[in-house]
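As a plain string of letters, each chain reads:
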Amino acid sequence: MKYLALVYYNEGTIQAMSQEEWDSLNRECMKCVESLSASGHYIDGAPLQMTNTAATLRVRNGKSSITDGPFAETKEQLAGFYMLEAKDFNEALRLAEKIPPARYGSVEIRPVRELASEGNIQ
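In short, a report on the structure. (Residues numbered from 1 in each chain as written. Predicted model: local features only at pLDDT ≥ 70, side-chain atom pairs only at ≥ 80, totals over all residues. Heavy atoms only, no water.)

**Description of helix α3 (residues 89–96)**
Listing the buried residues of α3 in full gives E91, A92, L95 and A96. Seen from one end, α3 has its buried residues packed into an arc of 140°, which puts them on one side. The secondary structure elements touched by the buried residues of α3 are β1 (2–9), α2 (19–38), β5 (77–85) and β6 (105–111). One side-chain oxygen at the N-terminal end of α3 lies 3.2 Å from the backbone nitrogen of N90; it belongs to D88. (Buried < 20%, exposed > 50% of the residue type's maximum accessible area, 1.4 Å probe, protein only. Helix = DSSP H or I, 4+ residues; strand = E, 2+ residues; numbered from the N terminus. Arc of directions from axis to C-beta. Contact = heavy atoms within 4.5 Å. Polar contact = N/O pair within 3.5 Å; in protein donor to acceptor, adjacent residues only side chain to side chain.)

**A closer look at the side chain of H41**
By the element assignment, H41 lies in the loop between α2 and β2 (42–47). A polar contact of 3.0 Å, which involves the side chain of H41, links it to the side chain of E91. Contacts of H41, omitting those with residues within four sequence positions, involve L36, M83, L84, E85, A86, E91 and L95.

**A look at the layout of surface pockets**
Rolled over the atoms, a probe as big as a water molecule pinpoints where empty space is left. Estimated volume of the largest pocket: approximately 380 Å³. Lining the largest pocket we find 20 residues, and of these N26, C29, A46, P47 and A79 sit closest to its centre. The dominant element in the lining of the largest pocket, judged by the number of residues it contributes, is α2, at six residues. A per-class count over the lining of the largest pocket returns 16 nonpolar, four polar and no charged. (1 Å grid on protein atoms, 1.4 Å probe; cavity = no way out; pocket = protein on both sides within 12 Å on 5 of 7 lines; lining within 4 Å. Points joined across faces, edges and corners; volume = space filled by probe spheres on them. Nonpolar A, V, L, I, M, F, W, Y, C, P; charged D, E, K, R; others polar.)

**Side note on the nonpolar core**
Y82, I99 and V107 are the most contacted members of the largest nonpolar core, which totals 20 residues. At the level of elements, β1, α2, β5, α3 and β6 are the ones that each hand at least two residues to this core. Apart from residues no more than four positions distant in its own chain, I99 is found in contact with A5, V7, C32, Y82 and V107. (Core = buried A, V, L, I, M, F, W, Y, C linked by side-chain atoms within 4.5 Å.)

**Some points on the sheet that holds β6**
Pairing in this open sheet of four strands is antiparallel, and the strands run β2-β5-β1-β6 from one edge to the other. Where the open sheet ends on each side, the last strands, each with one partner, are β2 and β6. Pairs of neighbouring strands in the sheet enclose a mean axial angle of 20°, with direction left out of account. As judged from the seven bridges shared by β1 and β6, these two strands associate in the antiparallel manner. If you follow L4 over to β6, its bridge partner there is R110. The strands touched by α2 are β1, β2 and β5; relative to β5, the strand with the most contacts, the crossing angle is about 20°. Each of β1, β5 and β6 is contacted by α3, which is oriented at about 155° to β6, the strand it contacts most. (Pairing = 2+ DSSP bridges. Axes fitted to C-alpha atoms, helices over the stretch in contact; angles between N-to-C directions.)

Purely spatial values, then, with no claim about function.
Structure representation (structure tokens):
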């Protein structure tokens, strides 16, 4: 089963890191991906640029509205994602524990819902 692991952290904490600390964290993330890939659990993933590069789009009554930045004011910002393959939710949790930025924020794990043309379950 597929699980999405959404990585969140406080951008201020990350921006306060030295270049050496930031590079070290990124190398840890790369090693994590290598390990998850080798074990057959990694499907895809990517880090995201900081929230000041984001925009939020809404369409209401056929009209688009675009605002700068993310939708919500939060203490932690979405930093990236890992798409994982796991036998069940507990295994997905154990795999997500290995994601290095979890030390600085949080990782939300959510099962992926298969989209069907009919009979979708909420």
